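What follows is each chain in one-letter form.
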Amino acid sequence: MLKIIRALTAVTSLFIAKVHVVSRFFITTPIYYVNDVPHLGHAYTMVSTDSIARWRRLCGEEVFFLTGTDEHGLKIAQAAAENGMSPKQWTDLLSPRFQDAWRKLNISYDDFIRTTETRHYETVQAFLSSVYENGYIYKDIYRGLYCVPCEAYYQESELSDGNCPIHNRPVTVMEEENYFFRLSAFTDRLLEWYEKFPNAVRPLSKRNEALGFIRQGLQDISITRTSIDWGVPVPWDDQHVFYVWYDALINYLTAIDYGRDADRFKAWWPSVHHVIGKDIIRFHCVWWPAMCMAAGIDPPANIFVHGWLLVGGEKMAKSAGNKVDPLELVEDFGLDAVRYYLLRDTNFGSDGDFTYEALTARYNSDLANNLGNLLQRVTTVVANKLDGRAPQPAIDSPLAIFATQALNRAKASWNEFAPQDALEAVWSLIHETNARLEVVAPWKLEPGDELENVLGDALECLRLVCITIYPVMPDTSSEVWARIGLDGSPNHQDALTSFTWGLYRSARTIEKGTPLFPRRK
Ligand code: MSP
C-alpha cells in the first residue's frame, strides 16, 4: 500500500513539475551608438520591444529583455574628440542619458549592457578566440571604402553616386593590416540555414533581402583595426582592437554569460528574439549567424526586422538633422499617448511617417473620443444612477461574442509581433461598446435590469481592454483598472486566465473621475 502511495506521489509531483514549466522568452534590442542622445527613432524600437516583452510576461513567461549602448569605434571616438573629451569620459556621460530616457519611457528592460564593461570584454575575447582557433580568422592587408556613420566598409558597386547608400555621404579610403573573418566560407551553410528555418528572419520581405545579400556571394570581412585603440583588444595580438560591429553583436551573448556560466547560456540560447531596424539586416542576418556557426554555437533563432520612422519621408537620424526628442513629446502629450501612437500608427515591419498632426489626430480620436469617453460615460452613469455600485456583466450579452473574437485577434497579433493589429482589435471592441451605449442610452434609463446589464457589460469590456492594452499603456491600463473598482493590477500573474467574458466583479464604489485624455486643440 505504502509503495502504491509513494508511486502515486512521485507521478503526481512529476505531473505538477511538468505543468509548472515556465517557458522562457529572450528578447533584445540593438545596442545604441552613444554619439548623441536618443531620438524618437530609437524610442520606437524600444517601445515596440518593450510592449512585446510586457505581453510575454503577461502570458506568464519568464522574460529576459536586454538592451544597452554600443560604445566603441571611430564614430564614438570622433564624437568624444569633437566635444573635447576622452572616449571613456564621453561614453560615461552619454550612456546614462539612454538609461534615463528609457526610464522616462517606462521601458521594462531586465539588463542594460555597456560594451565598455569588463564582462563584455571577457565574452568578446572568449568568443572570437574560438572563431580564431576554429580557423576562421586570418591576417591580411585591407584597402577599402569606409563610411564612418555606418562603421562599415562598402564595395564600389554598393555606393550610390559615390556616396554611402544609407547616409548619402562620401566614404573614406582606408588601408591597414587587419585580421579577416572568413565569411565567404559560410555562403552555403547560411543558405541551408535559411532553408531549414524559413521563419528565422521576419517579415518575409526582409528575409528575402538578407537572402539577396548571401546569394550575391559573400566576401571575407576585416574585423580588427590598428588605426584606433578605442575597442576590445584582440587577445592574440595587442596591436589590434576588434572592429566595433564584431564586438557589438556579441553583447547578446555577454548578457547570458557565454563562456562564464554554461547552464545559464544554454537556458537562453539560441531561442532568442532579436528586434532590429532594417538598416542593420546585413550585420544581424548574415554576419551574426555566420559568426555563431564559426564559433561552434547555433545561430539566433528569431530576428524580427522593423522599418524606419521617417520625418518628411526621410529616416530620422542625427546626420539628417530631423531628430524629434521623445521626451519633449512625452511632456506635451503624456507618456502613454506617445507609446500608443508609436505602435498604433505604423505596421511593425514597414516604414512609418512621424507627424504632430497624426499624433494629435490619434490622441483625439482613439484616446479622448473612444477610450477616454467610454470610461467617462460608464463611470458617470454608474455613479449617478446606481450610487456607484458596479453591476455585473450579462453572460449572454450581445457584446460577449464580439469581445471574445476581438481578444483572440489581439492575442494572435501580439504573438505574431504585430502590436498595431493587436491595438486595432482592442479599439474595435472599445468602438463597439461605445456604439452599444449610444443605442441603449443608459443615461436615459431608470434603474433596473436593462440599465445594470448595459453598464455591467461596458465595465467588463473595460476590464478586458485594460489587460490587452497593458503592454503598450501600462499606466493608463492600471488607472482604468482602479477607476472601475478592481483591486491589484491588470498585470497580475493570471491575467490571461481571466481573459474570458463575464468575470468582472467589483466590491468598491465607482466614482466619476476627471477625463483621462482631455481633448487637444
Ligand atoms: N550600434 C548599432 C547596433 C548594434 S546591435 C549589435 C546601431 N546603432 S544605432 O544607434 O545606429 O541604431 C540602433 C537601432 O535604432 C537600429 O535598429 C536602428 O534601425 C534604429 N533606429 C535608428 N533610427 C531609426 C529610425 N528613424 N526609425 C526606426 N528605427 C531607427 O545601429
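Residues numbered from 1 in each chain as written. Predicted model: local features only at pLDDT ≥ 70, side-chain atom pairs only at ≥ 80, totals over all residues. Heavy atoms only, no water.

(A) Just empty space enclosed by the protein, in detail. All chains considered together, the criterion is met by 1 cavity of 30 Å³ or more. Each pocket or cavity is described by its volume, and for the largest cavity that value is around 80 Å³. If you trace the largest cavity, you find it lined by Gly73, Leu74, Tyr146, Glu151, Met174, Arg225, Ser227, Ile228, Trp230, Phe242, Tyr243 and Val244. For the lining of the largest cavity, a count of residues per class yields 8 nonpolar, 2 polar and 2 charged. (1 Å grid on protein atoms, 1.4 Å probe; cavity = no way out; pocket = protein on both sides within 12 Å on 5 of 7 lines; lining within 4 Å. Points joined across faces, edges and corners; volume = space filled by probe spheres on them. Nonpolar A, V, L, I, M, F, W, Y, C, P; charged D, E, K, R; others polar.)

(B) Local environment of the site of the ligand. As a matter of local geometry, the ligand sits amid 26 residues, with Ile31, Asp70, Gly277, Asp279 and Leu309 nearest to it. One nitrogen or oxygen atom from the main chain of Tyr33 is found 3.2 Å from an oxygen atom belonging to the ligand. Protein burial of the ligand: of its 660 Å² of free accessible surface, 96% is covered by the chains. Broken down by secondary-structure element, the contributors of at least two residues to the shell around the ligand are β2 (32-33), α2 (40-58), α8 (244-248), α9 (251-254) and β12 (272-277). The dominant element in the shell around the ligand, judged by the number of residues it contributes, is α2, at 4 residues. Along the lines of polarity and charge, the residues of the shell around the ligand split into 14 nonpolar, 9 polar and 3 charged. (Near = heavy atom within 4 Å. Polar contact = N/O pair within 3.5 Å; in protein donor to acceptor, adjacent residues only side chain to side chain. Areas by Shrake-Rupley, 256 points an atom, 1.4 Å probe, with all protein chains shown as cover. Helix = DSSP H or I, 4+ residues; strand = E, 2+ residues; numbered from the N terminus.)

(C) Focus on the side chain of Glu151. Along the polypeptide, Glu151 turns up in the loop between β5 (137-147) and β6 (152-154). Buried charged residue Glu151 carries no salt bridge. Nearest counter-charge: Arg225, at 6.2 Å. Here the side chain of Glu151 touches Leu74 through a polar contact of 2.8 Å, landing on its backbone nitrogen. (Buried < 20%, exposed > 50% of the residue type's maximum accessible area, 1.4 Å probe, protein only. Lys, Arg positive; Asp, Glu negative; His and termini not counted. Salt bridge = Lys/Arg side-chain N within 4 Å of Asp/Glu carboxyl O.)

(D) Layout of the nonpolar core. Counting 179 residues, the largest nonpolar core has Trp102, Phe127, Phe181, Trp269, Trp288 and Trp427 as the members making the most contacts within it. Viewed by domain, this core spans two of them, domain 1 (22-328) and domain 2 (356-498), each represented by three or more residues. (Core = buried A, V, L, I, M, F, W, Y, C linked by side-chain atoms within 4.5 Å. Domains from an automatic or database assignment.)

(E) Region of interest: the packing of aromatic side chains. On inspection of all chains with the given rule, the structure shows 39 aromatic pairs. Between Trp193 and Phe197 the ring centres are 6.3 Å apart and the planes differ by 55°, which places this aromatic pair in the tilted class. Since its relative accessible area comes to 39%, Phe197 is described here as partly exposed. Look at Phe304 and Phe417: their rings are 5.4 Å apart centre to centre, the planes differ by 25°, and that puts the pair in the stacked class. Here Phe417 lies in the loop between α15 (398-415) and α16 (419-440) and Phe304 lies in strand β13 (residues 302-306), a separation of 113 residues in the sequence. For the pair formed by Phe304 and Phe417, the shared burial category is buried. Counting every residue linked through ring pairs, the aromatic cluster contains Tyr136, Phe181, Phe186, Tyr243, Trp245, Tyr246, Phe283 and Trp287. (Phe/Tyr/Trp six-rings, centres within 6.5 Å; stacked < 30°, edge-to-face > 60°.)

(F) Looking closely at the pattern of salt bridges. Applying the stated criterion across every chain, the model contains 33 salt bridges. Glu61 is the salt-bridge partner of Arg56, the closest N and O atoms lying 3.2 Å from each other. A residue is classified by how much of its surface remains accessible, and Arg56, at 12% relative accessible area, is buried. Of the residues examined, Glu61 reaches a relative accessible area of 17% and is grouped as buried. For the salt bridge of Asp257 with Arg260, the shortest nitrogen-to-oxygen distance reads 3.1 Å.

(G) Spatial organisation of the sheet that holds β6. Strands sit in the order β6-β5-β7-β9 across an open sheet of 4 strands; the sheet is antiparallel. Only two strands of the sheet have a single neighbouring strand rather than two, namely β6 and β9 (221-222). (Pairing = 2+ DSSP bridges.)

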